[in-house]
Structure formats: C-alpha cells, structure tokens
Amino acid sequence: MQPKQAPVNLNLLSIRQPVTAIVSILHRITGLILFLSLPVLLYFIDLLTANESTAQQAMALYSASLSLRIVFLLVSVSAFHHVLAGVRYLLLDIDIGVTRSSARAMCWAIVVLDIIALPVIGWSML
Amino acid sequence: MSFKNSGMRAWVIQRLSALYLLFFVVYAAYAFITLPAGAPALQELMRGNFFMIAFAMAMLAILLHGWVGIRDIIMDYVKPYSLRLIVYSLTLAYLFYLLFWWMQIYWRHT
C-alpha cells in the first residue's frame, strides 16, 4: 500500500510571505542586478576617466538616453536595498535583530526606507 | 572546526568585502552627490589618486563578494553538476574579463 503523501506546496506565490522573506529575496535579486550591471558601470568609468572628449561623450550619452537613466536608477535603487539588507546581515552576525519581533521591525524599516528612496533617487536621476 | 572546505572562508571573504564596500559606497555616494555638475568636476574626482585607489580596492572587493554571492545562487538553483560547472566557468570568465578591463583603466593613469 502506498503511504499517504503529505501535501507539498511548492507554489511560493500562494503563500503570503513574511516581510523578512521579502527583504531576503530582494537582497538576492538586487545582488544579481548589481553583478550583471558591472559592465555598464565599468564602461562609463572607462569613458569618464579616459580623456575630455570621451567624458563629454559619456555625459551626452547619459542625458540623451532615458532607458540608460532608467538602468542607472535601477542599479542605484538596487544598491540602496542591497546595502541596507546587507547591513542587517552584519548586525545579525553580532546578534542584533535575531528575535522575531526585532527582525520584523528591522525589515519593515528597510522596506519603508526603500519606498522613500525610490522617488528621491528617481527624482535626482531622471 | 576546520577552516578549509567548511564554507568559513567564503563567509569571511563575503563579510570583509561587504564591510569595505559599505564604506566605499557611502564615500562614493557622498562624493558624487556633492560634486558640481558637468564632466570636468567628475573627471577631476575620478582621475584623482584617492578615488582611483579606493576604487581599485572596491573592484577587488566587488569581484570577491560577487563570486561568493553568485556561487551561493548557483548552488541553490543549478542542480545538475555538469550544468553547474558550465555556469561557474561562465561566471569566472565574466569576472576575469571585468578584472582585466578594469586593470587597463587603472594602468592608463599610473
């Protein structure tokens, strides 16, 4: 006789994720975004530091292209979240924020700061 | 606990590079925000010795930190061993490409 199978729920979207899980997965996604954006950043650093005309070229490229500015906005917001969520991990290493209530409070604080940062960074960059 | 093969080394590399990058990001964000507009000021900052060396160290930290992080992601989601080796190789090739590109930029200024 087949043993009765325990229900396995692998559809993560059907579960309401706790805020700590959301901050955690965003840390991973933003890390991947930052990793993949490195060539774009290096390309701009290359142009900006080479000589006067390439630097002007980089500035012109940036101001002419909205999609490029959106990429830089995405990278900046990603960096913001990645740093905040990363600081949380460093604090966890020294036993700060390990209880459920303090972990949830810190993660809500990160979410609120993210939401504040988005329009502030967006307004200054677009 | 043995240091080798325990994941401790990756953990230490990740945390130390994270600490350096934390300070660098705060410094760089402050430097860029307070900079006057236009290419000349930007060039002066980025070609300066302090920025160049701070960025050189950041680049090293980014490569180490990125490798540990991406390796974690690969270990979590890429299960077949042959496929995992291919993705590892591509990641390393990508990181070394960035390293040599950045070295080109760096040595142009010394």
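Relevant structure appears above.
Keep in mind the model is a prediction, meaning the values are calculated, not measured.

Right, let's get into the overall build of chain A. Counting secondary structure elements, chain A contains 4 helices and 0 strands. Put simply, chain A runs from its N terminus to its C terminus through helices and strands in the order α-α-α-α. A compact globule built from 126 residues would reach a C-alpha radius of gyration of about 14 Å, whereas chain A, at 20 Å, exceeds it by more than 25%. If one aligns the C-alpha atoms of chain A with their principal axes, the spans along those axes are about 75 × 40 × 25 Å. The 126 residues of chain A split such that 19% are buried. Residue pairs at least 24 apart in sequence account for 74% of intrachain contacts in chain A once pairs closer than 6 positions are excluded.

Below, the discussion takes up the overall build of chain B. Along chain B, the regular secondary structure elements total 4 helices and 0 strands. For chain B, the N- to C-terminal ordering of α and β elements is α-α-α-α. Here chain B has a C-alpha radius of gyration of 17 Å; the compact-globule value for 110 residues is 13 Å, and the former is much larger. Projecting the C-alpha coordinates of chain B onto the three principal axes gives extents of approximately 50 × 30 × 25 Å. A total of 110 residues make up chain B; the buried ones form 13% of that total.

A word on the interface of chain A and chain B. Opposite the 20 residues of chain A that make contact, chain B presents 18 residues. Contributing elements (two or more residues each) for the side of chain A that touches chain B: α1 (19-50), α2 (52-64) and α3 (66-93) of chain A. Sort the elements by how many residues they give to the side of chain A that touches chain B and α1 of chain A lands first, with 11 residues. The class makeup of the residues in the side of chain A that touches chain B is 13 nonpolar, 4 polar and 3 charged.

What follows concerns the nonpolar core. One broad trend across soluble globular proteins is that nonpolar side chains are buried collectively. Membership of the largest hydrophobic core comes to 13 residues, with the highest contact counts inside it found for Val23, Phe35, Leu84, Ala85, Cys107 and Ile110 of chain A. Every element with two or more residues in this core is listed here: α1, α3 and α4 (100-125) of chain A together with α3 (49-77) of chain B. Listed in part, the 7 residues of the second largest apolar core include Met59, Ile62, Trp102 and Ile105 of chain B.

This next bit is on the environment of leucine 12 of chain A. Here leucine 12 of chain A lies in the segment before α1. The sequence separation of leucine 12 of chain A and alanine 64 of chain A amounts to 52 residues, and the corresponding C-alpha distance is 41 Å.

This part covers unusual backbone geometry. For aspartate 95 of chain A, which is not glycine, the phi torsion reads 65° and is therefore positive. Inspection of the secondary structure assignment puts aspartate 95 of chain A in the loop between α3 and α4.

The next point concerns the packing of α1 of chain A against α3 of chain B. At a closest axis distance of 10 Å, the pairing of α1 of chain A and α3 of chain B adopts a crossing angle of 125°. When the axes of α1 of chain A and α3 of chain B are compared, the pair comes out oblique. The handedness of the crossing between α1 of chain A and α3 of chain B comes out as left-handed. Mapping the contact onto sequence places Arg28, Gly31, Leu32 and Phe35 of chain A in α1 of chain A and Gly66, Gly69, Ile70 and Ile73 of chain B in α3 of chain B. Split by residue class, the contact of α1 of chain A with α3 of chain B holds 4 nonpolar, 3 polar and 1 charged.

Rules behind the numbers
Residues numbered from 1 in each chain as written. Chains lettered and ligands numbered in written order. Predicted model: local features only at pLDDT ≥ 70, side-chain atom pairs only at ≥ 80, totals over all residues. Helix = DSSP H or I, 4+ residues; strand = E, 2+ residues; numbered from the N terminus. Rg over C-alpha atoms; globule rule 2.2 N^0.38 Å. Buried ≥ 20, exposed ≤ 12 C-beta atoms within 10 Å, placed from the backbone. Contact = placed C-beta atoms within 7 Å. Nonpolar A, V, L, I, M, F, W, Y, C, P; charged D, E, K, R; others polar. Core = buried A, V, L, I, M, F, W, Y, C linked by C-beta atoms within 7 Å. Axes fitted to C-alpha atoms, helices over the stretch in contact; angles between N-to-C directions. Parallel < 35°, antiparallel > 145°, perpendicular 65-115°, else oblique. Left-handed = near helix turned anticlockwise from the far one by under 90°.

That is the geometry; function is a separate question.
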